[in-house]
Amino acid sequence: MSDVILVGLPYIAVALAILVGVYRFKTDTFSHSSFSSQLLENQKLFWGSALWHYAIVLILLAHFIAFLIPPLWGVIYGGATVAFEAFGLILSLVGFLALGWLMMRRFSSRRVFVVTSRMDWVVVSLLLLQMALGFLVALSYRWGGQWFVSSTAPWLWSLATLNPQADYVSAMPFLVQLHFLVGFLLIALYPFSRLVHLVFFPIHYLWRPYQRVIWNRAPRPGLGAARSVPEDIRLRRLSS
Amino acid sequence: MDIRAQVSMVFHLDKCIGCHTCSIACKNIWTDRQGTEYMWWNNVETKPGTGYPTQWEDQEKYKGGWERDSRGRLKLKLQGRAGALTNIFYNPSLPTLDDYYEPWTYDYKNLFDAPEGDDQPTARAVSLVTGDFMDTLEAGPNWDDDLGGSEVYAANDPNILKALTENEQQAVRTLEQTVFFYLPRICNHCLNPGCVAACPTGAIYKRGEDGIVLISQNRCRAWRMCVSGCPYKKTYFNWSTGKSEKCILCYPRLESGQPPACFHSCVGRIRYIGMVLYDADGIEQAARSNDHGLVDAQKALIMDPFDPEVIAGAKRNGVGDSVVAAAQVSPVYKFVKTWGLALPLHPEFRTLPMLFYVPPLLPVIAAIRDGQYETTAGMESAPADETGPNLNTVDQARLPLSYMASLFTAGNLEQMRKVFHKMVAVRMYMRQEQVGDQKEEEVEEALRRAEFTSEDCLRVFELTSLPTFEERFVVPPMERERAMDGELPPLDPYSRKAAGGFGFRDAPARRF
Ligand code: SF4
Ligand code: SF4
């Protein structure tokens, strides 16, 4: 059983996320949007959206650093362990409350309610559950910043290097395993929901030129031309 | 010099009758879909008035357009680059649906299906967003239509609040002084567009060939910064598809040599469209001019289409012969450059809008006063004398010059007065020609002041009052075939059949 959840599910989830994600982007670029509802409801959104996004970004960042760059994690976490744990606990609570607030907003504002799809409800419920689990795990099994590095991180690495070893985590408490389960479920849902918006965070705005000019065909070098020349035209050019 | 071509426009406000035909033509073609009901890519506002969305000109609220920092560099009023990323979860300056209005239809079915009863059945309003009944309708398209002297609308026009003295504001609200005109607005297809600059993704772009500003529906991710970045509030967020949309200047029509639908259908024939050649190298410099120099700096970007150097520059950039030829007979060039009659709307937003307005010389209104029929009642303190109406009343207009200057010259009164002097000259000259009741020396003085010859007056009159369809709309087909073939081997003209179009092969609806 634990192999299904700790080995099978992660592989299926990541495969779905990548394969379906790429397929969806290739075949249905139009559907990629964050579907902001700010135009419809502005007041309740502020506390919910800003707090939720900042909290979850920091939390995910901590997870990823601890998994991907353990030495760096050692330095920042080791330096201020207690403060870090406390901060993490507060963040997860803030994230949970903000998300709850957002969910309440979707119920209470008619305008937002009608633009909420079934998948939105599924995703937001799972996220809420995941935040609650994360908070409870952090609360009941202290010093997660430490045991994560020696148990969860090696397990994830074993998965990433195609040498899956569930033993690292199979003896962990139920709450923790449930947190894993929901996490990978969310990854599996990523390509089927509006979660796709998170890979489009426009970091390149920091350096892109303000103005964009596109020519159907650049008349001379240095002027940007439209990037997508339809396939059939490219082929014709090659053959003639 | 980096010479490019731009489809540019002139609206002659003296001719607009406020019929909204333009708005309807546009709506029927482009924004009659779920999520776009509230959008009016073309809208016609009554001025003075609060406009659509409410008080859109108030950039302290909406933060659209550009401003200069202490070192004279341009920056978006909305936010810096890092600010865009930190505000992405919540845009503090976004207008909400209530700043526009909640779109609705009526429950017409009830008129037929209602059970028999004592009362007439009614068709209640139904929200097009939620589908719920709406009991009170508090705002709608053109809610302030024709409410020129209104305490609610006219009095809260940002230009009135900003540019007029207390007394002048009082006068605008006085019933006997009521005055208004119409301001049709579409996207200005700016040279320095705020919408393009504000989009974090870079989904918005200006077309090199004709300067039309478009939003890639495939690249838009609903970060909605363009809605704020455009000071004219001419990008709109489609709440149903999660994509921003804006006026596309009917490019499918333009590409085949037809004017956009709002131009084509305009009942007052106030609209002119034509090509201009401009120097793209000067854009930033022009947008950084001081307030009172902005209009001249922008006009200086528009080049003489007969200048051989300009033509050579255009050729270097691949501007086709037919485009240059069109630029040489452009009605826009005449109004903006040759005659200096047309001005950009709110140049102080610094986006260099390429839609220009001939300001309204507000009407000669007749009224009975002391039992006398006076044709100059529209112009206070300008008594008619036996020789006919006194048309020479720029500084006594009911709407103070400062109001017009706040709209069209960033507050530069001199520049505004000059345009009106030209319009007065044309009006007096033509009145003298056709009715002959003006004083000869006054007409001459008016011409001198306007720096117009009688020939100029005639030409302006002709293009204002008698232009044909072909004179108002000078758009060459966009040379699409040429642009695609160019120096490359010839293409089978059918190769793009069913592959191009508007770019959608799936319904543009929400799927996830
Ligand atoms: S008027 Fe049009 S081109 Fe100019 S900033 Fe607004 S949307 Fe962009
Ligand atoms: S159709 Fe022409 S005259 Fe009528 S409101 Fe529009 S711009 Fe004015």
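Residues numbered from 1 in each chain as written. Chains lettered and ligands numbered in written order. Predicted model: local features only at pLDDT ≥ 70, side-chain atom pairs only at ≥ 80, totals over all residues. Heavy atoms only, no water.

This paragraph deals with the overall build of chain B. The helix and strand inventory of chain B stands at 22 helices and 18 strands. For chain B, the residues scored as buried account for 58% of the 512 residues in total. Long-range contacts, defined as pairs at least 24 residues apart, comprise 70% of the intrachain contacts of chain B with a sequence gap of at least 6. Per element, the accessible surface of chain B, about 20,900 Å² overall, is 51% carbon and sulfur. (Helix = DSSP H or I, 4+ residues; strand = E, 2+ residues; numbered from the N terminus. Buried < 20%, exposed > 50% of the residue type's maximum accessible area, 1.4 Å probe, protein only. Contact = heavy atoms within 4.5 Å. Areas by Shrake-Rupley, 256 points an atom, 1.4 Å probe, with all protein chains shown as cover.)

Within the element layout of this structure, Thr201 of chain B appears in the loop between helix H8 (194–198) and strand S9 (204–207). Of the residues examined, Thr201 of chain B reaches a relative accessible area of 8% and is grouped as buried. One polar contact links Thr201 of chain B to Trp223 of chain B, side chain to side chain, over a distance of 3.1 Å. Once residues lying within four places of it in the same chain are set aside, the contact partners of Thr201 of chain B are Pro202, His204 and Arg208 of chain A together with Arg219, Arg221 and Trp223 of chain B. (Polar contact = N/O pair within 3.5 Å; in protein donor to acceptor, adjacent residues only side chain to side chain.)

On to unusual backbone geometry. Residue and element names in this part refer to chain B. Backbone torsion omega between Lys47 and Pro48 reads -5°, so that peptide bond is classified as cis. Position of Pro48 among the secondary structure elements: in the loop between strand S2 (43–47) and helix H2 (59–62). Here the residue pair Tyr52 and Pro53 is connected by a cis peptide bond, since its omega of -5° sits within 30 degrees of zero. Note that Pro53 resides in the loop between S2 and H2. Within the chain, His189 stands out as a residue other than glycine whose phi angle is a positive 45°.

Our focus in this paragraph is the site of ligand 2. Close to ligand 2 lie 14 residues, the nearest being Cys16, Cys19, His20, Cys22 and Cys266 of chain B. In the shell around ligand 2, the residues fall into nine nonpolar, four polar and one charged. (Near = heavy atom within 4 Å. Nonpolar A, V, L, I, M, F, W, Y, C, P; charged D, E, K, R; others polar.)

Below, the discussion takes up the nonpolar core. Counting 153 residues, the largest nonpolar core has Tyr38, Leu249 and Phe408 of chain B as its most contacted members. With 10 residues, helix H18 (residues 413–434) of chain B is the largest single contributor of residues to this core. Every residue in contact with Phe408 of chain B, bar those within four places of it in the chain, is listed here: Leu13, Leu183, Val295, Leu343, Pro344, Leu345, His346, Pro347, Tyr357, Pro359, Pro360 and Met416 of chain B. Judged by nonpolar contacts, the second largest core, of 26 residues, contains Leu45, Ala98, Met131 and Leu195 of chain A. (Core = buried A, V, L, I, M, F, W, Y, C linked by side-chain atoms within 4.5 Å.)

The interface is formed by 77 residues belonging to chain B together with 60 residues belonging to chain A. Surface buried jointly by chain B and chain A totals about 6,200 Å² across both partners, of which 57% is contributed by carbon and sulfur atoms. Contact with chain A buries surface across chain B, with Arg81, Phe89 and Phe512 of chain B losing the most and accounting together for 15% of the total. Across the contact surface, chain B and chain A share five salt bridges. (Buried area = accessible area lost by both parts, 1.4 Å probe. Salt bridge = Lys/Arg side-chain N within 4 Å of Asp/Glu carboxyl O.)

Paired through their backbone hydrogen bonds, the strands of a sheet run either parallel or antiparallel. All names here are of chain B. Spatial strand order, S14-S15-S1-S13-S18: five strands in an open sheet with mixed pairing. For this open sheet the edge positions go to strand S14 (343–344) and strand S18 (473–474), each flanked by a neighbour on one side alone. When strand S1 (residues 3–12) meets strand S13 (residues 271–279), the two strands line up antiparallel, connected through nine bridges. In the strand pairing of S13, Met9 is matched with Ile273. (Pairing = 2+ DSSP bridges.)

Residues and elements named next belong to chain B. Judged by how many residues are buried, S2 sits mostly within the fold: five of five residues are covered. Residues of S2 alternate between two faces, with Asn43, Glu45 and Lys47 on one and Val44 and Thr46 on the opposite face, all of them buried. Taken together, the five bridges between S2 and strand S8 (residues 181–185) define a ladder with antiparallel strand orientation. The partner of Val44 across the bridge, within S8, is Pro184.

This part takes up the packing of aromatic side chains. This model, assessed by the stated rule, comprises 34 aromatic pairs over all chains. Geometrically, the ring pair formed by Trp73 of chain A and Tyr77 of chain A is stacked, given 5.2 Å between the ring centres and 15° between the ring planes. Residue Trp73 of chain A and its partner Tyr77 of chain A are both found in helix H3 (residues 70–79); the two are separated by four residues, about one turn of the helix. Here Trp73 of chain A falls in the buried class, since its relative accessible area comes to 7%. Here Tyr77 of chain A falls in the buried class, since its relative accessible area comes to 5%. With a centroid separation of 5.4 Å and an interplanar angle of 90°, the aromatic rings of Trp73 of chain A and Phe84 of chain A are classed as edge-to-face. Within this pair, whereas Trp73 of chain A is found in helix H3, its partner Phe84 of chain A is found in helix H4 (residues 81–108), the two being separated by 11 residues in sequence. Aromatic rings pair up to connect Phe11, Phe263, Tyr357, Phe408, Phe469 and Phe473 of chain B into one cluster. Sitting over the ring of Trp56 of chain B, Arg185 of chain B keeps its end group 3.6 Å from the ring centre. Its end group placed over the ring of Phe30 of chain A, Lys243 of chain B keeps NZ or CZ at 4.9 Å from the ring centre. (Phe/Tyr/Trp six-rings, centres within 6.5 Å; stacked < 30°, edge-to-face > 60°. Lys NZ or Arg CZ within 6 Å of the ring centre and 35° of its normal.)

Turning next to the confidence of the model for chain A. Residues and elements named next belong to chain A. Averaged over all residues, the pLDDT of chain A equals 89, while 90% of them reach at least 70. When pLDDT is averaged over each helix and strand of chain A, the minimum, 39, is found for helix H10 (residues 231–239) and the maximum, 97, for helix H5 (residues 110–114). For residues 228–240, every residue scores under 50 in pLDDT, and the model assigns this stretch 16 contacts once sequence neighbours within four places are set aside. (pLDDT = per-residue confidence, 0-100.)

Turning next to the sheet that holds S9 of chain B. The mixed open sheet is built from three strands, whose spatial order is S1(A)-S9(B)-S10(B). On the outer flanks of this sheet lie strand S1 (213–214) of chain A together with strand S10 (213–215) of chain B, each paired with one strand and no other. With two bridges connecting them, S1 of chain A and S9 of chain B associate as parallel partners. Note that in S9 of chain B the partner of Val213 of chain A across the bridge is Lys206 of chain B.

Further remarks concern the packing of helix H1 (residues 2–27) of chain A against helix H7 (residues 144–160) of chain A. All names here are of chain A. Two numbers describe how H1 lies on H7: the axes approach to 11 Å, and their chain directions differ by 55°. In terms of their interaxial angle, H1 and H7 are classed as oblique. In the packing of H1 onto H7, the handedness of the crossing is right-handed. Residues Leu6, Val7, Pro10 and Tyr11 of H1 touch H7, and the partners they reach there are Trp155, Ser158 and Leu159. Residues of the contact of H1 with H7, tallied by class, amount to six nonpolar, one polar and no charged. (Axes fitted to C-alpha atoms, helices over the stretch in contact; angles between N-to-C directions. Parallel < 35°, antiparallel > 145°, perpendicular 65-115°, else oblique. Left-handed = near helix turned anticlockwise from the far one by under 90°.)

As a further point, take the confidence of the model for chain B. Residue and element names in this part refer to chain B. In the predicted model, chain B carries a mean pLDDT of 89, and 89% of its residues have values of at least 70. Of the regions scoring below 50 in pLDDT, residues 377–385 engages in 27 contacts with residues more than four places distant in sequence or in other chains. Note on residues 485–489: pLDDT under 50 across the span, and seven contacts to partners over four residues away in sequence or across chains. Scored by ipTM, the complex comes to 0.89, with pTM at 0.91.

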